[in-house]
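Next come the chains, spelled out residue by residue.
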Amino acid sequence: NPTPPATLSASPMEHVAYAVLGLGDTNYDQFCETGKLVDRKLNEWGGTRAMPVACADEATGLEATVEPWVEDVLGKLEIACSSAASSEETKDDSVDDATTLPEKLDEQLTVAEETTTTMPEVIVTQEIAKESTTPLYVLYGSATGNSEHIAKELAATYELYLKNPSFIGYFPSVICCELNEYKKKCLSQWETEPQPSSTKHGVIIVCSTTGNADAPENSDRFVRWLKRKSTDATQPFKHCAYAVLALGDTNYDVFCATGKTIDKRMKELGGTRCCPVALADEATGLEEVVDPWTGNIIQKLAAECNGSTRIQGTVTPPPTVAAPVAAPV
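Calculation notes
Residues numbered from 1 in each chain as written. Predicted model: local features only at pLDDT ≥ 70, side-chain atom pairs only at ≥ 80, totals over all residues. Heavy atoms only, no water. Helix = DSSP H or I, 4+ residues; strand = E, 2+ residues; numbered from the N terminus. Buried < 20%, exposed > 50% of the residue type's maximum accessible area, 1.4 Å probe, protein only. Contact = heavy atoms within 4.5 Å. Areas by Shrake-Rupley, 256 points an atom, 1.4 Å probe, with all protein chains shown as cover. Expected span 1.5 Å × (residues − 1). Bend = angle between axes of the 7 residues up to and from the residue. Arc of directions from axis to C-beta. Pairing = 2+ DSSP bridges. Right-handed = clockwise from strand over helix to strand, strands pointing away.

K.L.:
Teacher, can you tell me more about the overall build of the chain here?
P.N.:
Secondary structure assignment for the chain yields ten helices and ten strands. Classification of the 329 residues of the chain by burial places 48% in the buried group. Sequence-distant contacts in the chain: of pairs separated by 6 or more residues, those separated by 24 or more amount to 79%. Summed over all atoms, the accessible surface of the chain reaches about 16000 Å², with 50% contributed by carbon and sulfur.

K.L.:
Where do I start with helix H10 (residues 287-305) in this structure?
P.N.:
For the α-helix, the turn length of 3.6 residues means that residues three or four positions removed from each other point alike. Its 19 residues give H10 an end-to-end C-alpha distance of 26 Å, which sits within 8% of 27 Å, the value for a rise of 1.5 Å per residue. The largest bend in H10 comes to about 45 degrees, at Ile297. Phi turns positive, to about 95 degrees, at Gly307, one or two residues after H10.

K.L.:
Looking at this structure, how should I read the environment of Gly169?
P.N.:
Within the fold, Gly169 resides in the loop between helix H4 (146-162) and strand E6 (174-178). Between the C-alpha atoms of Gly169 and Tyr158, which are eleven residues apart in sequence, the distance is 8.7 Å.

K.L.:
Is there a simple way to think about H4 in this case?
P.N.:
For H4, built from 17 residues, the straight-helix expectation of 24 Å at 1.5 Å per residue is met to within 8% by its first-to-last C-alpha distance of 25 Å. For H4, every residue scored as buried is listed here: Ser147, Ile150, Ala151, Leu154, Ala155, Thr157 and Tyr158. Buried residues of H4, seen end-on, are gathered within an arc of 155 degrees and therefore sit on one face of the element. In the core, the buried residues of H4 are packed alongside strand E5 (136-141), E6, strand E7 (201-208), strand E8 (240-248) and H10.

K.L.:
What's the story with the environment of Gly259 in this structure? I'm lost.
P.N.:
Locating Gly259 in the fold gives a position in helix H9 (residues 257-268). Between the C-alpha atom of Gly259 and that of Val244, which follows or precedes it by 15 residues, the distance is 6.7 Å.

K.L.:
When you look at the environment of Tyr158 in this model, what are you seeing that I'm missing?
P.N.:
Within the secondary structure layout, Tyr158 lies in helix H4. When its relative accessible area of 0% is taken as the criterion, Tyr158 is described as buried. Considering only alpha carbons, one finds Tyr158 and Leu136, 22 residues apart in sequence, at a separation of 9.5 Å.

K.L.:
What am I meant to see in the pairing of E6 here?
P.N.:
As a general feature of sheets, a regular strand has side chains that alternate between the two faces. Alignment of E5 against E6, held across five bridges, turns out to be parallel. Bridge pairing in E6 links Tyr137 to Ile175. Between E5 and its parallel partner E6, the chain crosses via H4, and the hand of that crossover is right-handed.

Take a look at the structure:
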């Protein structure tokens, strides 16, 4: 329904955190329309979105989206629920309903710092880092320029926020480069354990597919390196958390093949998947996937990198970062 039933409040989902998995078929005009509608309305009615709506495509194989979503959803939902509960307990009367999630998380961090020493029953087995000791890595593989534009826009937006003295971001800087520059600009750092040891390096990859399910020219060496059997022994991503945005076109036989391969191999090579690979379809409009993904991916990655998602104990502290929302692509 376009509005909540008259018997409910204007925000009937204000005490609910949720995640939506939409199933559809890109052979039809409106892809995952019901799932997208449910996700949007739950958010409009006050719900806390634990993760962006995931859209599984029966035309290319539901399992590519369903399996990683099922793997991650309970952890993401748990974080969203604990963060929302903490926010309700500590919310100041002067803060209105328009307070953003990053602002709420900053408030929660302050409360956690003030109360940890007075609550002996809280057992924290790992340290949450307030700031990374290494940059945010944003790499791209692009044939027509779309992936390059998205990656550079995301990096530039975050750098703009870093110039604001009042902004508190987890990553102190950004390295943005072609995937084929991985060895020169990234690999040695990725293979080095960050401090504290509970943290991870943050890696974002945006990559398209070209030709007959081929990698773009500026990413082909990176993909070949991922596929080598000799790479398995080194587990180069064991100190990294990552997220992949794949660009493709369902008018072709193989959809987002390169992005899916990168996501799969990084997981097999020791990486910690921040969220399921996002599949943007040029046939239906890249922005349907790209805009929500870029809007919160840095925040989600920071929560994975700073150790907050690996905390064990009676209380799960919220993520410590206020991440920017990228400008529309």
